[in-house]
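# Structural overview
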Amino acid sequence: MSNISSIIPLFTAIPLGGAFVISLIGRKARWISDLLAILTALVICVLSLLSVRIYNMYGVLTYSVGGWIPPVGIGMVLDGLTTFMLVVVNLVAFCVVIYSINYMERFTSKWKFYTLFFLMVAGMNGVIISGDIFNFFVFLEIASVASYALVAFGTEKHELEAAFKYAVMGTIGSLFILLGIALLYGYTSTLNMADMANVLAQKNTTNLTLMVSVMFLMGFGLKAAIVPFHGWLPDAHPSAPAPISAMLSGVLIKSLGIYAICRIFFNVIGISQPISSILMFLGALSMVVGGLLALGQWDLKRLLAYSSISQIGYIVLAIGLATPLGILAGLFHLFNHSIFKSLLFLNSGSVEYITGTRDLKKMGGLSQNAPFTSTINLIGSMSIAGIPPFSGFWSKLFIIVAVVQAGRFGYAFWAILVSILTLAMYLKVTKYAFSGSLKESLKHIKKVPVFMKLSMAILAVITLIGGLLLVPGVDELFLKPAADTMLQGVRYSTGILTGLK
Amino acid sequence: MLNLSTYFFKIDQLSIFVGIFIVFFSILTIIYSFGFMRRQKGLFSYYLYVVLTLVASLGAVFSNNLILFIVFWGFLGLLLYLLIGYGKKETTNSTAKKAFIIIGGTDAIMLLGIAFVWHITGLLQMDKMSIPLSTRPATLAYLCLAAGAFAKAGAMPFHTWVPDTAEDAPTPVVAFLPASLDKLLGIYFLARISLDIFQLNPSMNIFLMAIGSFTIMAAVMMALVQHDLKRLLGYHAVSQVGYMVLGIGTANPIGIAGGLFHMLNNTIYKSCLFFGAGAVEKETGTTDLGRLGGLAKIMPITFVTFLLASLAISGVPPFNGFASKWLIYQGIIETAKAGGHLWVIWLIAAMFGSALTLASFMKLVHAVFLGQPSRNIKVNEERIVGSSMFAPMITLASLCVIFGVFAYQIPLKVFIFPSIRIWPRLSGVWNAGAATILILAGIVIGSIIYLFSTAVKTRRTESFVGGEDVKSHPDMRVSGTEFYNTIQEIGLLRVIYKLAKKKVFDLYDVGEKISSGFIKVLRYIHNGVLPTYLGWCLLGTIILFWILLR
């Protein structure tokens, strides 16, 4: 038992180690850093898939860092929600690394990119496995700081500006989170999340917990880019290099934002009716605002970034329902969105790679001489627009069914309306970039390199067959445990505490 | 396993009937495409999409599970989008996008309907449901599902993709999807929800009949003033859906049988008309009515099949269009027994619509096939319209006659009445065989009188042209395009036509305008300035504090 649980810290140790080694010897030659990056990403990806199997065999696992017993020492936890998020993060990270081999050739000092990248991955994995709220914050900051640097990686004017905005807003969000943690620490005298949940459950709801809730809503809401805390995202996501855009939109806003909201509000503080209503309202607001703004965009990556806000809204709406079906639907949409949004961002990168522009008005007819890119675009677009049989359809279906089941008919109409907007915005991309007659300036364009194609092909296959995760029997392995963890609410802490002691 | 298969699939008379014709029209389309799409790029994927459409349509028709149904149904929208993309015009992109947004959008609305159905009954199996429309969620569920059926079939207010698609998509695709398969599927699903899944109440029936009547009249009025061959046919494709909705809305066996029979007949003659239009397009390179004319001598087979189908769609006896319209009229009169006087309106709309259809096709046949040929088109001398294009046209034209003359012996007896499981007692007297003989006798007697009188009285002279040389003015001819332009000048109609030209009645354009208004406002407040964004964060936090801690 204890032997197996020692894989938990590997999820941060391996990427951290990878980042360290790459920065040491990666500068010698490009192929060394490529090889090391691939190896590191592959190992954590396999480990995360393995953790699904381990969780299904052994149940909740815990690990005490340095052998110190919590609540004094630092605890790490592997439960249903953790394995789910680990798979999402590391799967996407692996595909992104494959893509970067070719794509990042245009930048100097690729090894710096890989170092920052794995620092970010280590931060995200740390947030996910941490059972201790202060360590949770530390990892969150590691991932955030690495992402500020990665947004500015191109060091052009607009990239620096975007990174500056992102850094200022992100820091303010972190500040609110830290303040909330400090207040909770003062109130409960513990930093271990399971212990904290126990203590909070014994006390009544006071104004202090409500105040902390607001701070967390603001802080994590900012990390997740929920309207009205989304101002940084439409600048930061398009400015970063395409693989980083894919990581930011695909997994960063989910692991730092949505996962944190799930963990803190469901398992530590405990979801209450007002919080649930606020989450639903903010979700619906994000859906509409993000959807409309995306529809009006002509910059391909900015369109995708606004669409991320809209899709995050769907996830928050579904999770905010706090019904079993709602949580399942929200988590499933989280998984699907991380896959197809990464796919779309990577594809926007290849469009930029072959045409040299992100402006939809300057493109046209790409389906004639870039059939692969065009097909990938169609798959990603149809999936996010919820057209069967792609995976996005299934999560959209579940979200709508869950919302109707909860009796929230008004939100169901919003969800339908925004799904029509989503279809419209992606058909706009297809219309202006891929169909029609070929522009004269695009007659002779570069070919998409093989590793970029490979990475997109993997993601495309996952989004094609993603609906299978819902098949009875398969859902028991992956989706249900994650949803059950959230549904247990604050009672979940007892299992962890007995494990840790 | 047996249990699982009935959970997902069900085969009954209605689905078999629709399924047979789905296969039939797919085969005809593929044969026609061999001729029409020859020497084009990307043919492999074209035929792949056609076959996938066939499979998905059959899947949708035989599904017994609402989720499985919507999977097939939604996938068809994507295939439609891809198939329209094979068009060659500049506006094809916009049309494909518009069609897919309307179809995909209503599919999303259907998802909501399915969620409501599941919320009410806890079931997804179609044959186990019978929901009375007594509660608000039930009514909403019915309307959501009906919206999908309307959009697919092209009934108002979701019709606007049909005329655009008819104009811009390749002709075999138009004949395949909007004209035949989408009609079959849309009306099939409307019949399924109206007859099996829900128990309609009288007010919903009146709503359906009102939609049907309005669709008939509005679309045929639009068709009258069109000057593109395929677009004109597209408006008729919308108008004819009105009859089917009207028939199903009557809620009595005769009317429903009429609606389903009209669905079948419409797919036959409408595909035939589009196939004919495709042949004209292939031969002359244009579908602009002003530039066509006098093709009857050059394309006799196309002319005859087109004429037969035109007579059928106009409801001229003894063709099939008349037989089904006759049933629908009877169905409407039958509703009078329930009281109320609204049936008079429905009957007038149906009959007047039929008359206007005839008027519109007189214009069309004249403009394309009769009159003098226009000089500024080149007829392709190679006669590239081959037998693979003629065969489907001839098959369908002969079906128009057979299903009309032997309406009771073949289609109604074999397909329609078994699928609604009722053998209605017909109130009127209609003997197709006797009527045909009477009509033929009338034609013979009429021509004898005509020949006799012309032989005696007519005097032929040169026509007076006022000294002009006619040959130097090639366009001094009556093309037929302008036949009904004067109706655009009459009183209230003038206003309506003007608004229609501005696309005020097009849900797609209205939606586009509304959303672009909101986008302008949102873009104005997203000015990219950091303090603004921080201000929102602050404002949001304050509001959250106020809500939770007040």
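None of these values were measured; they are calculated from a predicted model. (Residues numbered from 1 in each chain as written. Chains lettered and ligands numbered in written order. Predicted model: local features only at pLDDT ≥ 70, side-chain atom pairs only at ≥ 80, totals over all residues. Heavy atoms only, no water.)

This part is about the overall build of chain A. Along chain A, the regular secondary structure elements total 21 helices and two strands. Scaling as 2.2 N^0.38, a compact globule of 501 residues should have a C-alpha radius of gyration of about 23 Å, and chain A matches this with 21 Å. Taking the principal axes of its C-alpha atoms as reference, chain A extends roughly 70 × 60 × 45 Å. Considering chain A as a whole, with its 501 residues, one finds that 68% of them fall into the buried category. For chain A, the proportion of contacts with a sequence separation of at least 24, taken over those separated by at least 6, is 81%. Counting only carbon and sulfur atoms, one obtains 68% of the accessible surface of chain A, whose full area is about 15600 Å². Separation of charge centres in chain A, based on 31 positive and 17 negative side chains, amounts to 4 Å. (Helix = DSSP H or I, 4+ residues; strand = E, 2+ residues; numbered from the N terminus. Rg over C-alpha atoms; globule rule 2.2 N^0.38 Å. Buried < 20%, exposed > 50% of the residue type's maximum accessible area, 1.4 Å probe, protein only. Contact = heavy atoms within 4.5 Å. Areas by Shrake-Rupley, 256 points an atom, 1.4 Å probe, with all protein chains shown as cover. Lys, Arg positive; Asp, Glu negative; His and termini not counted. Charge placed at Lys NZ, Arg CZ, Asp CG, Glu CD.)

This part takes up the overall build of chain B. A count of helical and extended segments in chain B gives 20 helices and two strands. Per-residue burial over chain B gives 56% buried out of 550 residues. In chain B, 82% of the contacts between residues at least 6 apart in sequence involve partners at least 24 apart.

The computed volume of the largest pocket comes to approximately 1600 Å³. Lining the largest pocket are 44 residues, and of these Ser367, Phe434 and Ser435 of chain A together with Leu82 and Gly85 of chain B sit closest to its centre. Contributing elements (two or more residues each) for the lining of the largest pocket: helix H15 (366-369), helix H16 (371-384) and helix H18 (409-434) of chain A together with helix H3 (43-62), helix H4 (66-84) and helix H5 (92-121) of chain B. Examining the composition of the lining of the largest pocket, we find that six residues originate from one element, H16 of chain A, more than from any other. When its residues are assigned to classes, the lining of the largest pocket shows 19 nonpolar, 18 polar and seven charged. Approximately 1200 Å³ is the volume attributed to the second largest pocket. Forming the walls of the second largest pocket are 40 residues, and the residues nearest its centre are Ile420 and Leu421 of chain A together with Gly511, Glu512 and Ser515 of chain B. Listing elements by their share of the lining of the second largest pocket, those giving two or more residues are helix H12 (273-295) and H18 of chain A together with H5 and helix H19 (507-525) of chain B. With 13 residues, H19 of chain B is the largest single contributor of residues to the lining of the second largest pocket. (1 Å grid on protein atoms, 1.4 Å probe; cavity = no way out; pocket = protein on both sides within 12 Å on 5 of 7 lines; lining within 4 Å. Points joined across faces, edges and corners; volume = space filled by probe spheres on them. Nonpolar A, V, L, I, M, F, W, Y, C, P; charged D, E, K, R; others polar.)

Looking now at the packing of H3 of chain B against H4 of chain B. Residue and element names in this part refer to chain B. Remark: H3 packs on H4, axes separated minimally by 9 Å, with the N-to-C direction vectors making an angle of 155 degrees. Judged by the inter-axis angle, H3 sits roughly antiparallel to H4. Read as a crossing pair, H3 and H4 show a hand that is left-handed. On the side of H3, the interface is formed by Tyr46, Tyr49, Val50, Leu52, Thr53, Ala56, Ser57, Gly59 and Ala60, while H4 contributes Phe69, Phe72, Trp73, Phe75, Leu76, Leu79, Leu82 and Leu83. Here the residues of the contact of H3 with H4 are counted per class, giving 14 nonpolar, three polar and no charged. (Axes fitted to C-alpha atoms, helices over the stretch in contact; angles between N-to-C directions. Parallel < 35°, antiparallel > 145°, perpendicular 65-115°, else oblique. Left-handed = near helix turned anticlockwise from the far one by under 90°.)

Okay, unusual backbone geometry next. Residue and element names in this part refer to chain A. Residue proline 228 follows valine 227 across a cis peptide bond; omega there is 5 degrees. Its location among the elements puts proline 228 in the loop between helix H9 (207-224) and helix H10 (233-239). Backbone torsion omega between proline 388 and proline 389 reads 5 degrees, so that peptide bond is classified as cis. Tracing the sequence through the fold places proline 389 in the loop between H16 and helix H17 (391-405). For serine 189, which is not glycine, the phi torsion reads 60 degrees and is therefore positive. Tracing the backbone shows serine 189 in the loop between helix H7 (157-188) and helix H8 (193-202).

With that settled, consider the domain arrangement of chain B. The parts lose accessible area when they come together, and the size of an interface is often stated as this lost area. Per the domain assignment, the segments of chain B are domain 1 (2-430) and domain 2 (507-549). Of note, the centres of domain 1 of chain B and domain 2 of chain B, computed from C-alpha atoms alone, are 43 Å apart. (Domains from an automatic or database assignment.)

Okay, H17 of chain A next. Along an α-helix, residues three or four positions apart point the same way, because every turn accommodates 3.6 residues. Residues and elements named next belong to chain A. Here H17 contains 15 residues, and its C-alpha end-to-end distance of 21 Å stays within 8% of the 21 Å for a straight helix at 1.5 Å per residue. The element H17 is largely enclosed, with a buried count of 13 among its 15 residues. Count one or two residues on from H17 and you reach glycine 407, which has phi positive near 80 degrees. (Expected span 1.5 Å × (residues − 1).)

Residues and elements named next belong to chain A. With the rule as written, the count across this model stands at 37 aromatic pairs over all chains. Taken together, a centroid distance of 5.6 Å and an interplanar angle of 70 degrees make the contact between phenylalanine 113 and phenylalanine 153 edge-to-face. Linking phenylalanine 113 in helix H5 (residues 110-129) with phenylalanine 153 in the loop between helix H6 (133-151) and H7, this pair joins segments that are 40 residues apart in sequence. The exposure class of phenylalanine 113 is buried, given its relative accessible area of 1%. (Phe/Tyr/Trp six-rings, centres within 6.5 Å; stacked < 30°, edge-to-face > 60°.)

What follows covers the confidence of the model for chain B. Mean pLDDT for chain B: 83, with 89% of residues reaching 70 or above. At the level of chain-chain contacts, confidence expressed as ipTM amounts to 0.90, with global pTM at 0.90. (pLDDT = per-residue confidence, 0-100.)

For chain A, mean pLDDT is 89; residues scoring 70 or higher make up 99% of the total. Within chain A, helix H21 (residues 492-500) of chain A has the poorest average pLDDT of any element, 72, and H6 of chain A the best, 93.

Moving on: the interface of chain A and chain B. If you look at the interface, chain A gives 59 residues, while chain B gives 44 residues. A combined buried area of about 4700 Å² lies between chain A and chain B, and 85% of that area is made up of carbon and sulfur atoms. Across the chain A-chain B interface, the total number found is zero salt bridges. At the junction of chain A and chain B, the tally comes to five residue pairs in polar contact (both at pLDDT 80 or more). (Buried area = accessible area lost by both parts, 1.4 Å probe. Salt bridge = Lys/Arg side-chain N within 4 Å of Asp/Glu carboxyl O. Polar contact = N/O pair within 3.5 Å; in protein donor to acceptor, adjacent residues only side chain to side chain.)

Once that is clear, we can look at the environment of threonine 135 of chain B. Summarising the element assignment, threonine 135 of chain B is placed in the loop between strand E1 (131-132) and helix H6 (136-153). For the pair threonine 135 of chain B and isoleucine 120 of chain B, spaced 15 residues apart in sequence, the C-alpha to C-alpha distance is 9.6 Å.

Position of serine 419 of chain A relative to the elements: it lies in helix H18. With residues near it in sequence (within four places) discarded, serine 419 of chain A still touches Tyr314, Ala385 and Lys396 of chain A together with Ala108 of chain B.

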